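Coordinate analysis (summary)
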Amino acid sequence: MRQNPARRAALLDGAIEVLAREGSRGLTLRAVDTQAEVPKGTTTNYFANRAELLAQVMTRIQERLTPEESQLADTMSEKPSVELVATLLKQLLGRMRADRSSWLALMELRLEATRRPELHAELARFFSVQLDANISFHLDGGLPGDRTGVILMYLAMTGLIVDDLTVPDLLAPHSVDKLIDELARRAVDMGTGPGAGTGS
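A closer look at the overall build of the protein chain
In terms of regular secondary structure, the protein chain is built from ten helices and zero strands. Secondary structure elements of the protein chain occur, N-terminal to C-terminal, as α-α-α-α-α-α-α-α-α-α. The C-alpha extent of the protein chain, read off along each of the three principal axes, is 60 × 35 × 35 Å. Expressed as a percentage of the 200 residues in the protein chain, the buried residues total 36%.

Now the structure itself:
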């Protein structure tokens with residue numbers, strides 16, 4: 001049973017749903033069994049403890065939120081431009097909206113990490129790898145802008161996604177697509193004007 005990858009993925013998906021719905025306090029191995037509709041004790045057979053479960057939940061969330069290779073290839077077939085950067089940011093928001101449970105679960109992990117040093121260290125590594133990968137993807141793909149611009153877009157999109165998925169009424173008076181277009185333009189302009197690259 002331990003070697004059944006489909007069952008392991010189902011348990012991790014169950015953990016994500018529990019985290020998103022009930023928060024970190026509601027995440028128990030028994031709750032995952034119930035959510036995944038498996039016999040009692042199944043989660044214990046796959047994960048030694050809650051800490052191991054949480055560590056693997058992060059990897060599963062990354063899998064769920066990573067764009068399909070074919071879709072990304074189609075998008076990147078376009079000529080590098082500010083418009084392409086904006087398209088990528090809009091697709092990012094679209095993935096978060098489509099899998100709100102994964103995003104909420106990740107937010108719950110962020111909150112729990114403020115109280116658990118060992119999870120904080122694991123989460124910091126996780127996000128560092130993601131940010132470095134995003135920077136490399138942007139620069140290696142020949143997209144306009146510099147390293148600092150990519151980091152600023154990451155920070156701005158994180159805030160936008162928080163509001164969009166938790167208090168959407170806040171952004172209702174505004175066009176999110178237009179905000180993203182402007183965000184991309186300003187971040188890219190910052191990396192191409194006089195003195196560009198000094199923060200790289």
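Now that the structure has been shown, the text picks up again.
Considering unusual backbone geometry
The phi torsion at Glu37 lies on the positive side, around 55°, for a residue other than glycine. By the element assignment, Glu37 lies in the loop between helix H2 (29-36) and helix H3 (42-46).

Some details on the nonpolar core
Counting residues in each nonpolar core, the largest one holds 53 residues, and the members touching the most others are Leu27, Leu53, Val57, Ile61, Leu89, Leu109 and Ile180. Those elements giving two or more residues to this core turn out to be helix H1 (5-22), H2, helix H4 (50-65), helix H6 (82-98), helix H7 (100-113), helix H8 (117-140), helix H9 (147-166) and helix H10 (176-190). Ranked by residue count, the leading element in this core is H6, at seven residues. Leave out the neighbours within four places in its chain, and Leu89 touches Met153, Met157, Ile180, Leu183 and Ala184.

Things to note about the pattern of salt bridges
This model, assessed by the stated rule, comprises 15 salt bridges. A salt bridge links Lys90 to Asp181, with the nearest nitrogen and oxygen atoms 2.8 Å apart. With Lys90 in helix H6 and Asp181 in helix H10, the pair connects residues that are 91 residues apart, well separated along the chain. Between Asp189 and Arg185 there is a salt bridge, and its shortest N-O distance comes to 2.9 Å. Of the two residues, Asp189 and Arg185 both sit in helix H10, four residues apart, roughly one turn of that helix. For Asp189, a relative accessible area of 36% puts it in the partly exposed group. The structure contains a network of salt bridges with shared partners spanning Asp13, Glu17, Arg60, Glu63, Arg64 and Asp99.

Topic: the packing of aromatic side chains
The relation between two aromatic rings is expressed through the spacing of the ring centres and the mutual angle of the planes. Overall, the coordinates contain two aromatic pairs when judged by the stated rule. Residues Tyr46 and Phe47 carry aromatic rings whose centres are separated by 6.5 Å and whose planes lie at 40° to one another, so their mutual orientation is tilted. Side by side, Tyr46 and Phe47 carry an identical accessibility label, which is buried. Here the aromatic rings of Phe126 and Phe127 are separated by 5.4 Å at their centres, their planes lie at 75°, and the arrangement is edge-to-face. Residue Phe126 shares its accessibility class with Phe127, and that shared class is buried.

Digging into H9
With 20 residues, H9 extends 29 Å between its outermost C-alpha atoms, agreeing within 8% with the 28 Å of an ideal straight helix rising 1.5 Å per residue. In this structure, the buried residues of H9 make contact with H6, H7, H8 and H10.

So, the environment of Met96
Relative to the helices and strands, Met96 is located in helix H6. Met96 gets classed as buried once you look at its relative accessible area, which sits at 7%. When the C-alpha atoms of Met96 and Leu65 are compared, they prove to be 7.1 Å apart, with 31 residues separating the residues in sequence. Residues in contact with Met96, not counting those within four places in the same chain, are Leu65, Trp103, Ile161 and Leu165.

Quick notes on the confidence of the model for the protein chain
Model confidence for the protein chain is summarised by a mean pLDDT of 92, while 94% of its residues fall at 70 or above. No element of the protein chain has a lower mean pLDDT than H4, at 93, and none a higher one than H6, at 98. Segment residues 194-200: pLDDT under 50, and eight contacts once partners within four positions in sequence are set aside and those in other chains are kept.

Structural notes on the side chain of Thr43
Within the element layout of this structure, Thr43 appears in helix H3. For Thr43, the contacting residues outside a window of four places in its chain are Leu11, Leu29, Val32 and Asp33.

About the thresholds
Residues numbered from 1 in each chain as written. Predicted model: local features only at pLDDT ≥ 70, side-chain atom pairs only at ≥ 80, totals over all residues. Heavy atoms only, no water. Helix = DSSP H or I, 4+ residues; strand = E, 2+ residues; numbered from the N terminus. Buried < 20%, exposed > 50% of the residue type's maximum accessible area, 1.4 Å probe, protein only. Core = buried A, V, L, I, M, F, W, Y, C linked by side-chain atoms within 4.5 Å. Contact = heavy atoms within 4.5 Å. Salt bridge = Lys/Arg side-chain N within 4 Å of Asp/Glu carboxyl O. Phe/Tyr/Trp six-rings, centres within 6.5 Å; stacked < 30°, edge-to-face > 60°. Expected span 1.5 Å × (residues − 1). pLDDT = per-residue confidence, 0-100.

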